[in-house]
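# Residue-level structure breakdown
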Amino acid sequence: MMERTVRMEMPIFYALLLFMIIATIIAVETKNLLSSVICIGAIGFGASLMFLFLRAPDIAITQIVVEVLGLVILIRATISRDRTFITGDREFFGVVVSVVVVLVIFLAGIKVLETLPPFGTAVFAETAGAASQTYVREGLEKTGAANLVASVILDYRAYDTLGEATVLFTSIIGATVILRRKSRKLLEEPDI
Amino acid sequence: MPYALCFLLFIIGLYCAVVKKNMVKIVIGIMVMEYSVNLFLVMLGFRTGGTAPIIGRDDIVTGGTLTELFINSSVDPLPQALVLTAIVISLGSLALMISICIRTYEKYGTFDITRIRRLKG
C-alpha cells in the first residue's frame, strides 16, 4: 500500500505543475482581463491541491480561503474595466533585452537547483542541529499542540505571527486610504 | 525536476511583470511569483512517503514520547508555518496593489502604463 502511494505521487506532482504552468501561460498571454483573472484562480486551486499532496493540509486550507478572497478582489478590479486596448508593443529593443535577461536568470537558476539534494529527501533530517528536528521531537512535549505547524506559528515563532498581523493591518490601512473617495485636503484645493 | 518546473513558473511570472504593459497583468505576474516561491519552500521540506506533521494517537508511546516512525516520516513543519504567514501577507499586498490599480483607472481611464503620463519621473 505504502509503495503504491509513493509511486502514484510523482505523476500527480508533474501533472499539477504542468497544469499550473499552462494556466499561467494562458493568464499571461490572453487579451481579456477577466479570463486572465480566472486563470489565476486555476493556478491558486492547483497550488492548493499541490500543498495537499505535499502533506501540508493547513496551507491547503489557507490557500483556498485566500484564493477565493483574492479572486473577489481581482474581479472587482477588472469587471467592466477591461476596455484597455493595448495598442502597439513596447520598444522592440527593450522587450528583447528583458527576454534575454529572464532567460539568463532561468539558466543560472537551473544550474543552482542542480546543487540541491533530489526532490523527496528530507534536508532537515540530515542537517545536524536543524531547528526543525527539535520542533518535531519536542513540539508536543513543550507546547502541547498535536499539530506541529500550529506549535511553530503560535509558540516557537509567535513574534513572526505578530509581525504578520502588523503587516496585514498596515496594508489594509493603505488600501482604505488609497480607495477613499476624497481626502480633506483635496476638498480644499481641488487637483487639476 | 519538480524544482525546475516550479522555477519555470517563477520565470513566467517575472516575464509577465517585466514585459506586459497592462497594470493588472503586472499584478498577476507578481502573484504568480508568490505562488511559485511558496510552492518551492514547501517542496524543500517534503520527504517521499512522509506524513503530515500532525501527531495522531498511534504516534505516541506510553509515557508521552513519540515513536521513531513518526519522527522519521514527518515532513518539515518549519517551512509550512512560514509559508502560512507568507500566504496571508500576499493577500494584503494584493489588496494594496489592486486598490492602486483602481485609483489609477478612475483618474486616467486606462490600465495602460504607457498612457499614464504623470507617473513619468
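Structure's up top.
The present account deals with the structure reproduced in this document.

### Structural notes on the interface of chain A and chain B
At the interface, 93 residues of chain A touch 80 residues of chain B. In total, about 8300 Å² of surface goes out of reach between chain A and chain B, with carbon and sulfur atoms giving 75% of it. Taken together, chain A and chain B are joined by 1 salt bridge. With its nearest N and O atoms 3.6 Å apart, the salt bridge here joins A:Glu29 to B:Lys20. Counting every contact that joins chain A to chain B gives 11 residue pairs in polar contact (both at pLDDT 80 or more). Contributions of two or more residues to the side of chain A that touches chain B are made by α1 (2-29), α2 (33-53), α3 (57-78), α4 (92-114), α5 (123-126), α6 (131-143), α7 (148-156) and α8 (158-179) of chain A.

### Quick word on the nonpolar core
Core analysis: the biggest nonpolar cluster contains 67 residues, and A:Ile40, A:Met50, A:Phe51, A:Leu54, A:Ile59, B:Leu39 and B:Met43 have the highest contact counts within it. Those elements giving two or more residues to this core turn out to be α1, α2, α3, α4 and α7 of chain A together with α1 (2-19), α2 (23-44) and α4 (77-108) of chain B. Taken domain by domain, this core gets at least three of its residues from each of domain 1 (1-82) and domain 2 (125-192) of chain A. Dropping the residues within four chain positions of it, A:Met50 is found in contact with A:Phe13, A:Leu16, A:Leu17, B:Leu39 and B:Met43. A:Ala122, A:Phe124, A:Leu148 and B:Phe70 belong to the second-largest nonpolar core, a separate cluster that totals 10 residues.

### What to know about empty space enclosed by the protein
Over the atoms, a rolled probe matching the size of one water molecule traces out where space is still vacant. For the structure shown, the criterion picks out 1 cavity of 30 Å³ or more. Each pocket or cavity is described by its volume, and for the largest cavity that value is around 100 Å³. A:Val66, A:Glu67, B:Met31, B:Tyr35 and B:Ser90 are the residues nearest the centre of the largest cavity, which is lined by 13 residues in total. Of all the secondary structure elements, the ones that give two or more residues to the lining of the largest cavity are α3 of chain A together with α2 and α4 of chain B. Broken down by element, the residue count for the lining of the largest cavity peaks at 5 residues, all from α3(A). Of the residues belonging to the lining of the largest cavity, the class tally is 7 nonpolar, 4 polar and 2 charged.

Rules behind the numbers
Residues numbered from 1 in each chain as written. Chains lettered and ligands numbered in written order. Predicted model: local features only at pLDDT ≥ 70, side-chain atom pairs only at ≥ 80, totals over all residues. Heavy atoms only, no water. Contact = heavy atoms within 4.5 Å. Buried area = accessible area lost by both parts, 1.4 Å probe. Salt bridge = Lys/Arg side-chain N within 4 Å of Asp/Glu carboxyl O. Polar contact = N/O pair within 3.5 Å; in protein donor to acceptor, adjacent residues only side chain to side chain. Helix = DSSP H or I, 4+ residues; strand = E, 2+ residues; numbered from the N terminus. Core = buried A, V, L, I, M, F, W, Y, C linked by side-chain atoms within 4.5 Å. Buried < 20%, exposed > 50% of the residue type's maximum accessible area, 1.4 Å probe, protein only. Domains from an automatic or database assignment. 1 Å grid on protein atoms, 1.4 Å probe; cavity = no way out; pocket = protein on both sides within 12 Å on 5 of 7 lines; lining within 4 Å. Points joined across faces, edges and corners; volume = space filled by probe spheres on them. Nonpolar A, V, L, I, M, F, W, Y, C, P; charged D, E, K, R; others polar.

Nothing here speaks to function; it is all geometry.
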